[in-house]
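Overview (structure and organization)
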Amino acid sequence: MSSSVWNPDNVRDVAESVGIASLADNVVEELARDVDYRLAQVLEEALKFMRHGKRTTLSTHDISHALKVLNVEPLYGYESTRPLRFGEASLGPGQPLYYVEDEEVDFEKLINAPLPKVPREITFTAHWLAVEGVQPSIPQNPTASNQADLLPKGPNANPHLAAANGLDNYTVKPLVKHVLSKESQELFAKLSSALLDENNQEWQNAALASIQSDPGIHQLTTYLITFISEKVTHSMKNLTVLRAMLLATDRLLANPTIYLDPYIPYMVPPVLTCCLGKHIGPTSHQAPSNASSETLNGNNINGHARHNFEHFDLRKIAASLLQQMCRKYSASNQGLKTRIARSCLKAFLDPNKPLGTHYGALETLRRVLGADGVRIGILPNLKIYDEVLKEALADDSRKEEARRVLATILVCLDDMERSRGAMRANGVANLENQRDRLAEKVGGEVADHIIKSNRTAVAQAILEADLSMA
Amino acid sequence: MLRKESEPAATNGASLGGQSSDQGGTKATKAFELLRKYMDDILDVYKPELRKLLWPVFVYSYLDLVREYFTKDAEAFFAKYRNTFERDHPQDVNTLSAVRLPPHLTTDSLAKLYLDNKYRVTMTLMPFYNLVQFLESKMFEGGQALIDVIRDHLNIVTVDRTATTERSIAAILASGQDEDELPAEDEGIPGHNPGHPLTSRHDPEADASRIRLALGPYPLDQDLQDDVRATLQDEDAKNAPRPGQPSLVDEYEARIKREPTDDVPSRDLIPLPPSLARDVSMEVQKVVEHRDRYRLEGTRTGGVGPGVSVTMYTFHNTYDSINCIDFSGDNKLVAAGMAESYIRVWSMDGSALTSPSENAQPASSRRLVGHSGPIYAVAFSPATVNPDPTGPSTSSQYLLSASEDKSVRLWSLDVWQCLVAYRGHDNPIWDLQWGPYGHYFLTGSNDRTARLWATDHIEPLRIYVGHENDVDCVAFHPNNLYVFTGSCDRTVRMWHTSGGNCLRLFTGHTGNVTSIACSPDGRTLASADDMGNIILWTLETGRRKKRMRGHGKGGIWSLSWSVESTILVSCGADQTVRVWDAIQETNESTSKAADGTAAAKADGALTTKGASGAPVTGAKKNAKESGVTADQISVFQTKESPVYKVQFTRMNLVLAGGAYLPRPTK
């Protein structure tokens, strides 16, 4: 029995194929051993190529390169970009035979088949793998599973390191992996209860002041941000809570000792929710449907009578917060502004969204993008929006809301006009004459309001802005 | 030639009789069994030292059998004992198992390595005498064969137990029980003295202290220094430092005006081209960044290391075709070398990469096509963020790439074209590094050489020859005067850049060296292998500082030091980025120091382990496999993305690059 890995019968077969009819057994064995050795050599060389390709699977390319280095003619025809799949067949008990799975392809079918999809372009994304020694729990990072295996153990291991990674207790896995002193934990508990306390205004103010000025808040930043986003998600109906959360965000932004840049992407969503949410405030808010007013029964209208417009104020606060964030952090957060603007524009252009959402979107766009944004983003869409406005204004239950939206649009346009600098009001005495042209650009309702309030400069700005675009 | 075993059968078996039973495989097996039994019976205190003999005796017995053409006996012998060594020497066992015929001995690099050199083992006097006595008493039961092997192939160096603390009884007790049985740094093949300036083959009598290293920073030329100082003064006048912040000039003085030491290299040895306005700007920016950096020193309270921030750049849709990644020094560009022979450069902020020569729509990424084989290394020329937008550009001007096609190419990042192809290596090139001030670069190749080049010369300036196998990774010393090479012969060498001679040889790795990096202060070298070990070496003495374990198998692709040289980050195929404390002393290093506390601890460990008795070996094995040394500060796992590159910026932020390779669902 030969001990070589290479089957000696194979050597015999090859010998026969080149015309050597009979080979002595010991020669065959010897040759098989030599084949073993040569193969090992090729593999050793090929593994180097795999290693330098920073891969963990050996590919056919590696073998070709190895053969080249060893001055052997490479094998052609085995190029493959992905690891080969091997089929297994049995020749008998304990005698598996491996072969490369090679599908038969129908030529006709292949030619007539549609072209395969173009492979996706190589791209890269960036994220924080660790922020000051702690791995943030974001989707790009793996969930903290068996971290314990990765850390030093034994008597010499540093207990603080384990604690820092949330492993000071092996049986119970804490949710957070960040070492937090007793004092900090206490402070966090106090802060969170104070923020939610509706009845004690003083206490709440104290908490907000602490968030704004305390350097110790740094330790709690992630916890606060999580707390805020949780509360916002769960208390969309409670305006008081939402307002408190927005205020807390505001104070956090104002704290000069915290390095917030890496956290901004996690702070934006709750604020954006407050700004664009469909249902904000008590449930009497109108159902968000494009159903016409006929479907609304009396009850609903009664509800609307009681309905207040506090949520508009909330949206306004949210919008101003977004503006703040954009101003301070868009340098360190790639595409922050564009992302916010895109979500707002999408919300604004969706006629199925309630008017409150439109209001929030407009307000944010105005603040974040400024006059240029209004000209490029809002102005061209006003004509289409006219439909929505008209319908809403005609509907008693939504009239008040529509008025607010309309007012915001006018403020936007005012902004735009102001940014153009001093206007010479020349020869525009008769606005009425331009009504049709205005309506063409911004829709009938808005045009009427411009005329009614005699905003000559605005009208001109609209018309000129349009000219410059044409 | 016929195999030896067949001879007795062919001739008259009876005439050879008794002699044949003591030949070949029987002889070797008998001798080896004798040694094993002796190891089992001997005092525990001697065991760790004597155990080191087993592996070389095994290898040489086997190779002798192969050489004497006892092919079958050799196979049987190898099969019988290979299990004992598979854990500690998996690669050698694998390679040797294919070596079975005498001609292979002359072609296989590993076999040749063993046969051409003597395996060095260091032992204290007592076990050595004990061993000799034993072998003599068993002369006819295999002792003679062992003596032959030891005489022919081993170089046993005896040392006095009291001379070195690391061999004291206390140290042995401390380490003996759960020591991973990795070879000591002074044990192994090339048989050199640790920290020896030359290998023993060149000059056995040479003494490490005879060659003094100049590890100080590279002196900048006087004009450049003056220019930088003047610019910094202007800068200080323009933007006064905030309270508590040193002025830029002070910062610069503190950096430059260290005690005028004698270990500063001379500029004449490694000349650089005359400085340009660009160099002034870069030096200025370096000072600014150094002052404003995130400080990682001195924040070690209660053992918790400083918090390191890591930005991870994950590449998608790569199909495992990215071979290497590099980030430019100004943090503007990232380049990836592909298995498909091209290089792709992206701007990290998505801005367009423009070229004056073409009018096509500028995109945020570019392909550089020119190589005819997979790219194994890319490197941006040194660059900094531009301190003065109106001044000269300080962005990266060139990109170098090394490929399987045996050439290095220099690409211009202004016109996005290949400028030069440097040819000279005979085989694929594995690694490439720019010198710390540009101009020079270093390559390491499959042809077992490393070469030094200058951008303005088409031929290599120096060739560093000495490694027994591929040069897998290369690195510069920060002062330009030395270069380092790591190889899959499991050694790391330090060379004089202009002298071209090998100054230090570091042995102790058990796997292929996959990455090396020298600390910015120029005192310590880190090297990593594909068995998951990182070793720190003190350059001055040439000795091992400590070994850091934690990474899984499969290669540590990149190492990087923090600005203060206190923190090391590493990344690798096990999809983690790990942060290490380069200063803290761990078990291993304390046992070397062998102070009283270590000895006391060892006693405690001994009693507990002794009580558990038999299952020690099993526990030991586990401990080794999942062992993470205590100096690991933190570990950050990625989501199925092997990490190819880590890099500290000059402001102590870590950039990491890797490819997202989800496991196939089926």
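Cut-offs and rules
Residues numbered from 1 in each chain as written. Chains lettered and ligands numbered in written order. Predicted model: local features only at pLDDT ≥ 70, side-chain atom pairs only at ≥ 80, totals over all residues. UniProt positions renumbered as here; feature names shortened; annotations may be inferred. Helix = DSSP H or I, 4+ residues; strand = E, 2+ residues; numbered from the N terminus. Buried ≥ 20, exposed ≤ 12 C-beta atoms within 10 Å, placed from the backbone. Contact = placed C-beta atoms within 7 Å. Nonpolar A, V, L, I, M, F, W, Y, C, P; charged D, E, K, R; others polar. Pairing = 2+ DSSP bridges. Core = buried A, V, L, I, M, F, W, Y, C linked by C-beta atoms within 7 Å. Expected span 1.5 Å × (residues − 1). Bend = angle between axes of the 7 residues up to and from the residue. pLDDT = per-residue confidence, 0-100. Axes fitted to C-alpha atoms, helices over the stretch in contact; angles between N-to-C directions. Arc of directions from axis to C-beta. Parallel < 35°, antiparallel > 145°, perpendicular 65-115°, else oblique.

As annotated in an unreviewed UniProt entry, chain B carries the name WD40 repeat-like protein and is attributed to Paraphaeosphaeria sporulosa. For chain B, the Subcellular location (unreviewed entry) comment in UniProt is given as "Nucleus".

As annotated in an unreviewed UniProt entry, chain A carries the name TBP-associated factor 6 and is attributed to Paraphaeosphaeria sporulosa. Regarding chain A, the UniProt comment filed under Subcellular location (unreviewed entry) reads as follows: "Nucleus". Among the UniProt annotations of chain A, the heading Sequence similarities (unreviewed entry) holds the following wording: "Belongs to the TAF6 family."

Some remarks on the overall build of chain B
A tally of helices and strands in chain B yields 19 helices and 29 strands. Of all 666 residues assigned to chain B, the portion counted as buried reaches 47%. Intrachain contacts of chain B at a sequence separation of at least 6 include 60% that bridge at least 24 residues.

Some details on the overall build of chain A
Summing up its helical and strand segments, chain A has 19 helices and three strands in all. Here chain A, with 470 residues, has 30% of them falling under the buried criterion. Across chain A, every contact between residues at least 6 apart in sequence was considered, and the portion connecting residues at least 24 apart equals 64%.

Some points on the interface of chain B and chain A
Between chain B and chain A, the residue contacts involve 62 residues of the former and 50 residues of the latter. For the side of chain B that touches chain A, the class distribution of residues is 28 nonpolar, 25 polar and nine charged. In this sheet, strand S3 (residues 310–316) of chain B lies alongside strand S3 (residues 123–130) of chain A in antiparallel orientation, the contact comprising seven bridges. Its bridge partner lying in S3 of chain B, Ala126 of chain A is registered against Tyr313 of chain B.

Considerations on the nonpolar core
Of all hydrophobic cores here, the largest spans 106 residues; its most connected members are Phe484, Ile516 and Ala656 of chain B. Residues in contact with Ala656 of chain B, not counting those within four places in the same chain, are Leu129 of chain A together with Val310, Thr311, Met312, Tyr313, Cys571, Val577, Val643, Lys645 and Val646 of chain B. Core analysis: the second largest hydrophobic core is formed by 70 residues, Ala194, Leu195, Cys326 and Ile340 of chain A among them.

Regarding the pairing of strand S12 (residues 429–434) of chain B
Residue and element names in this part refer to chain B. With six of six residues buried, S12 is to be regarded as a mostly interior element. Across five bridges, the pairing between S12 and strand S13 (residues 440–445) is antiparallel. Residue pairing across strands places Trp434 opposite Phe441, the latter belonging to S13. A loop of five residues connects S12 with S13, the two strands running antiparallel in sequence, and Gly438 in this loop sits at a positive phi of about 75 degrees.

Here's the deal with helix H14 (residues 355–378) of chain A
Residue and element names in this part refer to chain A. Counted at 1.5 Å a residue, the expected span for H14 with its 24 residues is 34 Å, but the 15 Å between its end C-alpha atoms falls short. Gly370 marks where H14 bends most, by close to 125 degrees. Burial runs high along H14: 20 of the 24 residues are buried.

Topic: the confidence of the model for chain B
Confidence in the prediction for chain B averages 79 pLDDT; 80% of positions are at 70 or higher. Low confidence marks residues 7–20 of chain B, where pLDDT is under 50. Its contacts with residues over four positions away, or in another chain, come to four contacts.

Focus on the sheet that holds strand S7 (residues 365–369) of chain B
Residues and elements named next belong to chain B. Read from one edge to the other, the open sheet built from four strands follows the order S4-S5-S6-S7, with strand pairing classed as antiparallel. For this open sheet the edge positions go to strand S4 (322–327) and S7, each flanked by a neighbour on one side alone. Strand-to-strand, the axes of this sheet are offset by a mean angle of 20 degrees, without reference to chain direction. Strand direction decides the pairing type here: strand S6 (residues 342–347) and S7, joined by five bridges, are antiparallel. Paired with Ile343 across the two strands is Leu368, which belongs to S7.

Concerning the sheet that holds strand S21 (residues 524–529) of chain B
In a beta sheet, neighbouring strands pair by backbone hydrogen bonds and run either parallel or antiparallel. Residues and elements named next belong to chain B. Here four strands make up an open sheet; going across it, the order is S20-S21-S22-S23 and the pairing antiparallel. Edge strands, defined here as strands with exactly one partner in the open sheet, are strand S20 (513–518) and strand S23 (543–549). The average angle at which neighbouring strand axes cross in this sheet is 20 degrees, direction not considered. Where S20 and S21 come together, five bridges link them in antiparallel fashion.

Thoughts on the UniProt feature "repeat: WD" (unreviewed entry) in chain B
Those residues carrying the UniProt feature "repeat: WD" (unreviewed entry) are residues 315–356, 368–414, 422–453, 464–505, 506–547 and 556–590 of chain B in this numbering. Each end of residues 422–453 of chain B is marked by a C-alpha atom, and these two atoms are 9 Å apart; helix forms 0% of the span and strand 59%.

A word on helix H14 (residues 222–238) of chain B
All names here are of chain B. With 17 residues, H14 should reach 24 Å at 1.5 Å per residue; the first-to-last C-alpha distance of 24 Å fits that figure. Inspection of H14 places Val228, Thr231 and Leu232 among the buried residues, and these make up the whole buried set. Along H14, the residues classed as buried sweep out an arc of 100 degrees about the axis, all on the same side. Looking at H14, the residues exposed on the side facing more than 90 degrees away from the buried face are Gln222, Asp223, Asp226 and Ala237.

Structural notes on the confidence of the model for chain A
Looking at chain A, the pLDDT average stands at 76 and 81% of residues meet or exceed 70. Every residue in residues 154–160 of chain A is under pLDDT 50, and counting partners more than four places away or in other chains gives twelve contacts.

A word on the environment of Ser519 of chain B
All names here are of chain B. When you line up the elements, Ser519 lands in the loop between S20 and S21. By the C-beta count within 10 Å, which is 22 here, Ser519 ends up buried. In this view, Ser519 contacts Thr524, Trp561 and Ser565; residues no more than four positions away in its chain are not counted.

Quick word on the packing of helix H15 (residues 382–394) of chain A against helix H16 (residues 396–419) of chain A
All names here are of chain A. Between H15 and H16, the least distance of the axes is 8 Å, while the angle of their chain directions is 150 degrees. If you check the angle between H15 and H16, you find them roughly antiparallel. For the pair H15 and H16, the contacting residues are Leu382, Leu389, Ala392 and Leu393 in the first and Arg398, Lys399, Glu401, Ala402, Val405, Leu406 and Ile409 in the second. Across the contact of H15 with H16, the residue classes break down as eight nonpolar, no polar and three charged.

Topic: the environment of Gly391 of chain B
Residue and element names in this part refer to chain B. Turning to its location among the elements, Gly391 is positioned in the loop between strand S8 (375–380) and strand S9 (398–403). Residue class for Gly391 comes out partly exposed when judged on the 14 C-beta atoms lying within 10 Å of it. C-alpha separation for the pair Gly391 and Ser281, spaced 110 residues apart in sequence, amounts to 7.7 Å.

Focus: unusual backbone geometry
Residue and element names in this part refer to chain B. You will see that Asn331, though not glycine, has its phi angle at about 60 degrees, which is positive. Relative to the helices and strands, Asn331 is located in the loop between S4 and strand S5 (333–338). The exposure class of Asn331 is partly exposed, given the 19 C-beta atoms found within 10 Å. At Arg448, a position not held by glycine, the phi torsion is positive, near 70 degrees.

Some remarks on the pairing of strand S17 (residues 482–487) of chain B
For a regular strand, side chains alternate in direction, first toward one face of the sheet and then toward the other. Buried residues dominate S17 of chain B, accounting for six of its six residues. The turn joining S17 of chain B and strand S18 (residues 491–496) of chain B, which pair antiparallel and follow one another in sequence, is formed by three residues; a positive phi near 70 degrees is taken by Arg490 of chain B.

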